[in-house]
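Summary of structural features
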Amino acid sequence: MPDEQNVENKRRNENTHMIESEIIDFESSSSQHKRSKSEENDNSQEREARRRKNTEAARRSRQRKQQLLQQLELLVEKQELKKIELDEQIRLLEKEKQEWENRKPLLHATVEELERRLNGEHNLILKHKPHLKVELENLFV
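One structure accompanies this document, and this report is about it. Keep in mind it's a predicted model, so treat the numbers as computed, not measured.

The number of helices and strands found in the protein is two helices and zero strands. The buried share among the 141 residues of the protein stands at 1%. In the form shown here, the protein has an accessible surface area of approximately 13,800 Å², with 54% of it arising from carbon and sulfur atoms.

Set out below in C-alpha cells:
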C-alpha cells in the first residue's frame, strides 16, 4: 500500500501542479486580455482626442475661410465703388477734353491773329524807329 499511496500522492501532486499551472496561465491570459482592453481603451481615447482636435482644427479653418471670404467681399465692394468714382472722373475729363477740342480751332485762330498783329506792330515800330531793330534782335538772342 505504501507504493500505492506514493503513486497516488505523486499523481495528486502532478494534478495540483498542472492545475496551478493552468491557473497561472489563465491569470496571465486574463491580465493580458485586461491589458488589451486597457490598451484598446487608451487607443480609443487617443482616437477620440485626435478626432476632437481634428474637428476643432477644421472649425477654425472654416472660420478663417469665412473671414477671408468676408474680407474679399468687402474689398470687392470698395473696389466697385472706387471704379464708379473713377468712371465718373473719366466721364468729366472726357467732357472737358471735348470742350477744349471744340475750342481748339478758335484758339488757333486767335493765336494766329495775335501773331499777325504782333508782327504788324513789330514791322511798324521798325519802320519808324530803325535803331530799335538792333536792340530787339539782341533781346531775342
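Read on for the rest.
Further remarks concern the pattern of salt bridges. Any two side chains of opposite charge can pair, so long as their charged atoms come close to each other. Enumeration over the complete set of coordinates arrives at seven salt bridges. A salt bridge links arginine 51 to glutamate 48; its shortest N-O distance comes to 2.5 Å. Placement of the pair is arginine 51 and glutamate 48 together in helix H1 (residues 2-128), with a separation of three residues, close to one helical turn. We classify arginine 51 as partly exposed; its relative accessible area is 45%. Note that arginine 91 is salt-bridged to glutamate 88, the shortest N-O span being 2.6 Å.

On the surface, Leu68, Leu72 and Leu75 cluster together into a nonpolar patch covering about 270 Å² of accessible area. Residue leucine 75 is classed as partly exposed on the basis of its relative accessible area, which comes to 44%.

The rules behind each value
- Residues numbered from 1 in each chain as written.
- Predicted model: local features only at pLDDT ≥ 70, side-chain atom pairs only at ≥ 80, totals over all residues.
- Heavy atoms only, no water.
- Helix = DSSP H or I, 4+ residues; strand = E, 2+ residues; numbered from the N terminus.
- Buried < 20%, exposed > 50% of the residue type's maximum accessible area, 1.4 Å probe, protein only.
- Areas by Shrake-Rupley, 256 points an atom, 1.4 Å probe, with all protein chains shown as cover.
- Salt bridge = Lys/Arg side-chain N within 4 Å of Asp/Glu carboxyl O.
- Patch = residues over 30% accessible without salt bridge, like charges linked within 9 Å, V, L, I, M, F, W, Y side chains within 5 Å.

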